Amino acid sequence: MPLGERAGDKSESRYCGVETEFNDDMPHLLSFNIHGGFDFLVAPLIDPSYRPSLMDQDSGGSGALPFAGSDLVLSPSQWSSHVVGKISSWIDLDSEDETLRMDSEIALKQEIAWASHLSLQACLLPTPKGSSCANYARCVNQILQNLNSMQLWLRIPLVKSDDETRNPDHMGEGQTDTWELWNSFRLLCEHHSQLSVALDILSTLPSPTSLGRWFGEPVRTAIIDTNTFLTNARHYPCLSRSHQGLTTAFFNHSIQIVISGEPVHNPPMARSLESSGSADNNNEGGWRHPLKSYLDYLAYLYQKMDPLPEQERFELGYRDYLQSPLQPLMDNLEAQTYETFEKDTAKYIQYQRAVSKALLDRVPDDQASTVITVLMVVGAGRGPLVRASLQAAEETGRKIKVFAVEKNPNAIVTLHSLVKLEGWEKLVAIVSSDMRQWNAPEKADILVSELLGSFGDNELSPECLDGAQRFLKEDGISIPSSYTSFIQPVTASKLYNDIKSHKDLVHFETAYVAKLHRIARLAPTQCVFTFIHPEHSTKNSNQRYKKLLFDISPDTGSAIVHGFAGYFDATLYKDVHLGIEPSTSTPNMFSWFPIFFPLRTPVCVKPNTPLEVHFWRCCGSIKVWYEWCVTSPSASPMHNSNGRSHWVGL
């Protein structure tokens, strides 16, 4: 059964598994653990004493492998939903012993073939025995090429170079950062999307900065041994504060927990059951699974998490889902898109604040009853900025005349209905025109627009406002007055694999909008391009270029860069800001998700090695596009050269 109920959370992290030893009575093994409260088990599929070379000598030609029962002992749904196959831990495909190496390759293929026959959803692969895993990875890559939808989880102990948790049973001598081991393995497996990570959580953890890079990797499960748990004052198992924080982060990233090992704690309830002689009774009679106290503690951690905020619940379906950015100049937005944006009250509160401050600066108190401020909303949509502007005028006691300029004829219909419904006929003039072609009857004191994209300028706000600037008074105010784009390097395995699945160049040269979730931010953001309105010296639409140098913290360790997350921060007016740049983002705003610029070939960055990135914003007669590349520590191809794959039409 799930660890508990948490409002808004329907992720797989609610389900907890248990690692078991080999048992040839699979129905009993499954029943014992499911009735004990676990949702699935990670179990060996074959007798651990099995070796192919010995089998050939002893089988007498029968060929029957010592699996844990036939496929008929459980129903297909039980195999698929409740069992993860555990590949034999003795396997060592990079051993210098030729017999062991050959036995390992044969056994690995046999066990995965059997697991595939059973329709298991996943198999747990043993940790590579040494720092070199070329043959192991080669064999796994061969298997992956012909595998059905089953996932392969590579077991990796969570160890980083600056700690003392090295375990010679899990890793080769001299191996001090197991992320390097994982990275080598997945590179040899060509970043295959069905290869994931199962992290072994040890008693000592790396630094939070080092841990963070794993959340951009395809981690499917975290295995916590009972020896990792501490003992609280009541003799129950518990985790250290750092382990608690990590476990909560796993829950938030849909990573399932698996409990491993023998019980090493003896809480009062377990002792009382033993003394009463009820240990052999069924669940209803007082029987408890030997690992139930560990499961209960994980359930406690899960249940004490705060419910998902309403905004996050709204965004759940968009997490790591790639969307092409809007092209509002080329395409007319649909009613559903307008409705989604109009629900973003946090955004319009900021706009209303900005208009209020501009009106107060524009018109002194002693002229409030006589001066009429001309305010133009360019790109008025269905009217939310018109409403915010009128509310600002009422709030400040200023008089305004509003021109609502909109090119979408469908939105114009809604605007007319809104003006009539609200009785704004004397206050609002509706203009059905592209702002770049409209000839205004008078100049504006305040120009208000909502043309920002996830990267600030990616929906052509500079080009549009340059065109509209001609009907703004010389001392007029533009809201927004400026905006800046930012990027940062990220590890984003899921996004990379989703793009790679298209098997073409176009998708790797497209900038996507996505609610970034399963990512690791590898360095602080840096600004790319800034646009100011009104701009009197040069055209905002000129081509722009920026070189950026990112330093990956030594505390992080090596990391893989799959692409760049892009954001914006805008100054609407004076101290009124709006944006999604992580350090200054507007709370509770959901109109914009970050933008993602992928790399065709991921770049591995070592500590203290700068990552040199180049970005261009290019302008042609009919389109605007971005180009990007990496030149250090290794060179990448130029992405989207001459806008060949992705552009925004003027």
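To keep things clear, this report deals only with the structure shown in the data block. Source: prediction; values computed, not measured.

## Remarks on the layout of surface pockets
Thinking step 1. In this model, the largest pocket occupies a volume close to 1,200 Å³.
Thinking step 2. Lining the largest pocket we find 49 residues, and of these Leu326, Leu333, Thr337, Phe341 and Ser591 sit closest to its centre.
Thinking step 3. Elements supplying a minimum of two residues to the lining of the largest pocket: helix H11 (310–315), helix H12 (335–342), helix H13 (345–362) and strand E12 (399–406).
Thinking step 4. At seven residues, H12 tops the list of elements feeding residues into the lining of the largest pocket.
Thinking step 5. Considered class by class, the residues forming the lining of the largest pocket number 21 nonpolar, 15 polar and 13 charged.
Thinking step 6. Of the pockets and cavities examined, the second largest pocket occupies roughly 780 Å³.
Thinking step 7. If one sorts the elements of the lining of the second largest pocket by residue count, helix H1 (residues 26–35) sits on top with four residues.
Thinking step 8. Its residues assigned to classes, the lining of the second largest pocket shows 14 nonpolar, 13 polar and nine charged.

## Let's talk about the pattern of salt bridges
Thinking step 1. Summed over all chains, the structure comprises 30 salt bridges.
Thinking step 2. Of the charged contacts in the structure, one is a salt bridge between Asp296 and Lys292, with a shortest N-O distance of 2.5 Å. Placement of both Asp296 and Lys292 in helix H10 (residues 292–303) is noted, with a separation of four residues, approximately one turn of the helix.
Thinking step 3. Taking relative accessible area as the criterion, Lys292 reaches 21% and is therefore assigned partly exposed.
Thinking step 4. Arg644 is the salt-bridge partner of Glu509, the closest N and O atoms lying 2.7 Å from each other. With Glu509 in the loop between helix H17 (493–500) and strand E17 (512–513) and Arg644 in the loop between strand E25 (623–632) and strand E26 (648–649), this residue pair connects regions lying 135 residues apart in the sequence.
Thinking step 5. The buried category is assigned to Glu509, whose relative accessible area is 0%.
Thinking step 6. Taking relative accessible area as the criterion, Arg644 reaches 45% and is therefore assigned partly exposed.

Reading guide: rules and limits
Residues numbered from 1 in each chain as written. Predicted model: local features only at pLDDT ≥ 70, side-chain atom pairs only at ≥ 80, totals over all residues. Heavy atoms only, no water. 1 Å grid on protein atoms, 1.4 Å probe; cavity = no way out; pocket = protein on both sides within 12 Å on 5 of 7 lines; lining within 4 Å. Points joined across faces, edges and corners; volume = space filled by probe spheres on them. Helix = DSSP H or I, 4+ residues; strand = E, 2+ residues; numbered from the N terminus. Nonpolar A, V, L, I, M, F, W, Y, C, P; charged D, E, K, R; others polar. Salt bridge = Lys/Arg side-chain N within 4 Å of Asp/Glu carboxyl O. Buried < 20%, exposed > 50% of the residue type's maximum accessible area, 1.4 Å probe, protein only.

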